[in-house]
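A closer look at the structure
Residue-level listing of the chains:
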Amino acid sequence: MATAAPKRVANRMSSALKKFQPILKSALDRDVNESDTVDVMTDMLAELFGYDKYVEVTSEYKIRGTYCDLAIEIDGQLRLLIEVKAIGIELKDKHLRQAINYAANEGVDWVVLTNGINWQVYRVTFTKPIKKELVVEFDLLELSPRSPDEMEPIFLLSREGLGKSALPDYFARKQAMSRYVIGAILLSEPILKAVRRELKKVSPDIKFELDHIKGVVDKEVLKREVAEGDKAVAARKTVDKALKSTQPKKKPKKKPKKKQQEASVAEPSSGAEVIGIEEAREEKRW
């Protein structure tokens, strides 16, 4: 489900995209340099993405003796770093490493790598080592200004979207729907039991073991990359934790009441019964 932009914002983005697509094509044909690409980017951040370019957009943002091309600050808080390459340059891993280093040094969760046309948005996780995940990627020349779904990536990075946490929400939704999580759910016990029930309907005379079903799903149904590796392991832990949290808590077993000891704790016998017992003992002696 796409993240819908308010109508006013959607109209602005649609109108601005129509304006900038020819400008980007012209810049690409002329193979403009990085500095000129940054100039176009600054205008786009204002007109297309809705930022105040005099207050919220900073060029040549200084980071430990070096500079990131553009930075977005909202209410004095650094929210987004943007590393810009010349419009004709293909985005590569070395450019990404540079952008991630900037984010790591500033403690910023979100970083963008772009040449003005191709955009890559990454989520940075501050672990050891630093991890990054591609959240969304798009080509501004291929987007249709008339399609709300195709305009979604622009809204995620917009001033309004960033203010409403649209980007973190989109990332959380994407993670929840990742192939690793779905793979882990398919291998979970409740789903395997459901598969066994359906198999019994198909072949009532056959006994199906959960381990056997799991092996078939794991080795023959799912792709290897979905069931193995760090992301698959992390997804299984997430699913297991979620399943445990939904299981009803077991009530503690009640301790059985101790039976009253017989004879030694029995009620005292009546006087007649005692006399009868003594008489029987006397007869036995004789």
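Conventions and cut-offs
Residues numbered from 1 in each chain as written. Predicted model: local features only at pLDDT ≥ 70, side-chain atom pairs only at ≥ 80, totals over all residues. Heavy atoms only, no water. Phe/Tyr/Trp six-rings, centres within 6.5 Å; stacked < 30°, edge-to-face > 60°. Helix = DSSP H or I, 4+ residues; strand = E, 2+ residues; numbered from the N terminus. Buried < 20%, exposed > 50% of the residue type's maximum accessible area, 1.4 Å probe, protein only. Lys NZ or Arg CZ within 6 Å of the ring centre and 35° of its normal. Core = buried A, V, L, I, M, F, W, Y, C linked by side-chain atoms within 4.5 Å. Contact = heavy atoms within 4.5 Å. Salt bridge = Lys/Arg side-chain N within 4 Å of Asp/Glu carboxyl O. 1 Å grid on protein atoms, 1.4 Å probe; cavity = no way out; pocket = protein on both sides within 12 Å on 5 of 7 lines; lining within 4 Å. Points joined across faces, edges and corners; volume = space filled by probe spheres on them. Nonpolar A, V, L, I, M, F, W, Y, C, P; charged D, E, K, R; others polar.

The next point concerns the packing of aromatic side chains. Under the counting rule described, the total for this entry stands at three aromatic pairs. For the pair W119 and F138, a centre-to-centre distance of 5.7 Å together with 10° between the ring planes defines the contact as stacked. Taken together, the residues span a long stretch of sequence, with W119 in strand 5 (residues 118–125) and F138 in strand 6 (residues 131–139) at a distance of 19 residues. Accessibility classification places W119 together with F138 in one group, the buried group. Connected via pairs of aromatic rings, a cluster forms that spans F49, W119 and F138. One cation-aromatic arrangement involves R123 over W110; the distance from NZ or CZ to the ring centre is 5.5 Å.

Let us now look at the nonpolar core. Core analysis: the biggest nonpolar cluster contains 44 residues, and I72, I82, W119, L140, I154 and L157 have the highest contact counts within it. Not counting residues within four places of it along the chain, the set of residues in contact with L140 comprises L17, Q21, L24, M44, L48, G116, I117, W119 and I154. Residues L91, L96, A99 and Y102 belong to the second largest nonpolar core, which totals 17 residues.

Inspection of every chain in the model, using the stated rule, returns 10 salt bridges. The salt bridge involving K53 is made with D43; its shortest N-O contact spans 3.1 Å. Residue K53 is found in the loop between helix 2 (34–47) and strand 1 (57–63), and its partner D43 is found in helix 2; the two are separated by 10 residues along the sequence. The exposure class of K53 is partly exposed, given its relative accessible area of 29%. Residue classification places D43 among the partly exposed residues on the basis of a relative accessible area of 29%. As a salt-bridge pair, R159 and E56 come within 2.8 Å of each other at their nearest N and O atoms. Placement of R159 in helix 5 (residues 159–163) and of E56 in the loop between helix 2 and strand 1 is noted, with a sequence separation of 103 residues between them. Look at R159 and you get partly exposed, because its relative accessible area is 23%. On the accessibility criterion, E56 (11% relative accessible area) is buried.

Moving on: the layout of surface pockets. There is about 200 Å³ of room inside the second largest pocket. Forming the boundary of the second largest pocket are 16 residues, of which A5, A10, S147, P148 and M151 lie nearest the centre. Elements supplying a minimum of two residues to the lining of the second largest pocket: helix 1 (7–30) and helix 4 (148–157). Take the lining of the second largest pocket: its biggest share by element is five residues, from helix 4. In terms of residue class, the lining of the second largest pocket is built from nine nonpolar, four polar and three charged.

Geometric descriptors of this kind do not, in isolation, establish any biological role.
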